[in-house]
Amino acid sequence: MTSMHPLELGVNIDHVATLRQARITSYPDPVAAAVSAVAGGADSITVHLREDRRHIQERDVLLLQESLRVPLNLEMAVTRGMLDFAHKVRPRFCCLVPERREELTTEGGLNVAAQVPRITDACAQLHAAGIRVSLFIDPAPAQIDAARECGAPAIELHTGAYADAGDAAARGRELKSIQQATEQGLRLGLHVNAGHGLNYDNVHHIARIAGLRELNIGHSIVAQAVFVGIEQAVRGMKQLLQEARSP
């Protein structure tokens, strides 16, 4: 039985930048939001620098890397431009994700099994720059095996199907799939994280999965921050994770 060690919380601040970009203003500042998130207990800060720059900008990433006292996790597509940018910034972590311009948010995991040589090369380049790589994948056995084959030390399991399940039976099936995927990743020696679509109402059962090391949560925290502020919104989510891991 895997021990229930403390579960870390990575806070994604993309949608603070979404609000800023809606009017192309200088506020709200994602860097200030990150500082408040850390004050509330965030163990890391995640940003996704998208090809279309719809929210986070290059300057945000550079400032975050300079100012944060917790690790920065850069989500990025597997492109030459993004690999070059990661080499320039050298965040502690990079998470390779799929990306399509027309999607509202990342829909589904990276199909690692279909592009092992390409992902292997990207992992090797980032590793050479001293960056720890994770792959954002669906909780599917073939994708987990492929992630290990590519040399990635970590995976982040996509929890969107669980979060979007229409009833308790469907949610239970998705939860079991994530549990099994976590166990498989651990057997292969991978560091296993999870995230996408998690909120204050659905996070408990995911947080209870033994072996998961970190949950990355963004939209629900930023939405809650509209009412209570970033620091308190993060503090509330962190408390839920701690309660889920309590004996």
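Everything below is about the structure printed above this text.
Residues numbered from 1 in each chain as written. Predicted model: local features only at pLDDT ≥ 70, side-chain atom pairs only at ≥ 80, totals over all residues. Heavy atoms only, no water.

(A) Quick look at the sheet that holds strand S2 (residues 44–48). Overall, parallel pairing links the eight strands, which are arranged S1-S2-S3-S4-S5-S6-S7-S8 in a closed barrel. Direction aside, neighbouring strands of the sheet carry axes that sit 25° apart on average. Sheet topology note: the strand S4 (residues 93–96)/strand S5 (residues 132–137) ladder contains four bridges and is parallel. Its bridge partner lying in S5, leucine 96 is registered against leucine 135. Those strands touched by helix H3 (residues 58–67) are S2 and strand S3 (72–76), and its axis lies near 155° from that of S3. (Pairing = 2+ DSSP bridges. Helix = DSSP H or I, 4+ residues; strand = E, 2+ residues; numbered from the N terminus. Axes fitted to C-alpha atoms, helices over the stretch in contact; angles between N-to-C directions. Contact = heavy atoms within 4.5 Å.)

(B) Just a nonpolar patch on the surface, in detail. Side chains of Val226, Phe227 and Val228 sit close together on the surface and give an oily, nonpolar patch of about 350 Å² of accessible area. By secondary structure assignment, the location of phenylalanine 227 is in helix H10 (residues 219–228). On the basis of relative accessible area, phenylalanine 227 is assigned to the exposed category, the value being 69%. (Patch = residues over 30% accessible without salt bridge, like charges linked within 9 Å, V, L, I, M, F, W, Y side chains within 5 Å. Areas by Shrake-Rupley, 256 points an atom, 1.4 Å probe, with all protein chains shown as cover. Salt bridge = Lys/Arg side-chain N within 4 Å of Asp/Glu carboxyl O. Buried < 20%, exposed > 50% of the residue type's maximum accessible area, 1.4 Å probe, protein only.)

(C) Layout of the pairing of strand S7 (residues 191–195). The element S7 is extensively covered by neighbouring structure, given that four of its five residues are classed as buried. Summarising the sheet, S7 and strand S8 (residues 214–217) pair through three bridges and their orientation is parallel. Following the sheet pairing, glycine 195 is matched in S8 by asparagine 216.

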